[in-house]
Amino acid sequence: MEIIYKTKELQKCAEIDGYAQKKLGKQQADKFLRRVGTLIDADSFEDLRHVPGRFHELTENRKGQWAFDLVQPSRLIVTPKTRPIATDSQGKFIWPLIQDAIIVEIVDYHKKG
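Quick caveat, the model's predicted, so the values are computed rather than measured.

Reading guide: rules and limits
Residues numbered from 1 in each chain as written. Predicted model: local features only at pLDDT ≥ 70, side-chain atom pairs only at ≥ 80, totals over all residues. Heavy atoms only, no water. Pairing = 2+ DSSP bridges. Helix = DSSP H or I, 4+ residues; strand = E, 2+ residues; numbered from the N terminus. Buried < 20%, exposed > 50% of the residue type's maximum accessible area, 1.4 Å probe, protein only. Polar contact = N/O pair within 3.5 Å; in protein donor to acceptor, adjacent residues only side chain to side chain. Core = buried A, V, L, I, M, F, W, Y, C linked by side-chain atoms within 4.5 Å. Contact = heavy atoms within 4.5 Å.

Trainee: Can you break down the sheet that holds strand β1 (residues 2–5) residue by residue, with the values?
Mentor: Here we have five strands laid out as an open sheet, ordered β1-β5-β4-β3-β2, and mixed in their pairing. What marks the edges here is a single partner per strand, and that holds for β1 and β2 (56–57).

Next comes the structure, spelled out in structure tokens:
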């Protein structure tokens, strides 16, 4: 799958040896790099439904975003690059047609604030 990064910082974490560990810590960096590899290896979001890391579609104010679990409670947030996102007649996203991604952020979106 084609992957792009929303920020230079995320791109450096993914592409420069040791940078992710320096910025995220070893455990978080290891999970981040595994998730990025999983995204790259997939042909579509459909391929990610049952991989380690619990790739899942978000709802409400994060509709149109997906998340991978990292070190709890952090998540790796991705969105499809191609817009509009393919939907069926009921407005549900068609995962097999989503074939590219933007890595958006690492965040704890459960935090009340």
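Trainee: Break down the environment of Ser-89 for me, citing the residues and quoting the values.
Mentor: Among the secondary structure elements, Ser-89 is positioned in the loop between β4 (75–79) and β5 (100–107). Of the residues examined, Ser-89 reaches a relative accessible area of 71% and is grouped as exposed. Engagement of the side chain of Ser-89 in a polar contact is seen with the side chain of Gln-90, the distance being 3.1 Å.

Trainee: Can you lay out the nonpolar core for me, pointing to particular residues and giving the numbers?
Mentor: Of all hydrophobic cores here, the largest spans 26 residues; its most connected members are Phe-32, Phe-45, Leu-48, Phe-55, Trp-66 and Ile-103. For this core, the elements supplying multiple residues, two or more each, are β1, α1 (8–15), α2 (19–24), α3 (26–41), β3 (66–69), β4 and β5. Among the elements that line this core, the one with the most residues is α3, at four residues. Ignoring sequence-local partners within four residues, the contact set of Phe-45 consists of Met-1, Phe-55, Trp-66, Val-78, Thr-79, Pro-80, Trp-95, Ile-98, Asp-100 and Ala-101. Core analysis: the second largest hydrophobic core is formed by five residues, Leu-58, Ala-67, Ile-77 and Val-104 among them.

Trainee: Would you mind going over the pairing of β3 in detail, with residue names and values included?
Mentor: Side chains Trp-66 and Phe-68 of β3 all project onto a buried face; the interleaved residues Ala-67 and Asp-69 project onto the opposite face, where all are buried too. As paired strands, β2 and β3 are joined by two bridges and run antiparallel to one another. Within β3, the position partnered with His-56 by the bridge is Ala-67. Two elements, β3 and β4, share four bridges in a ladder whose sense is antiparallel. Counterpart to Phe-68 in the pairing with β4 is Leu-76.

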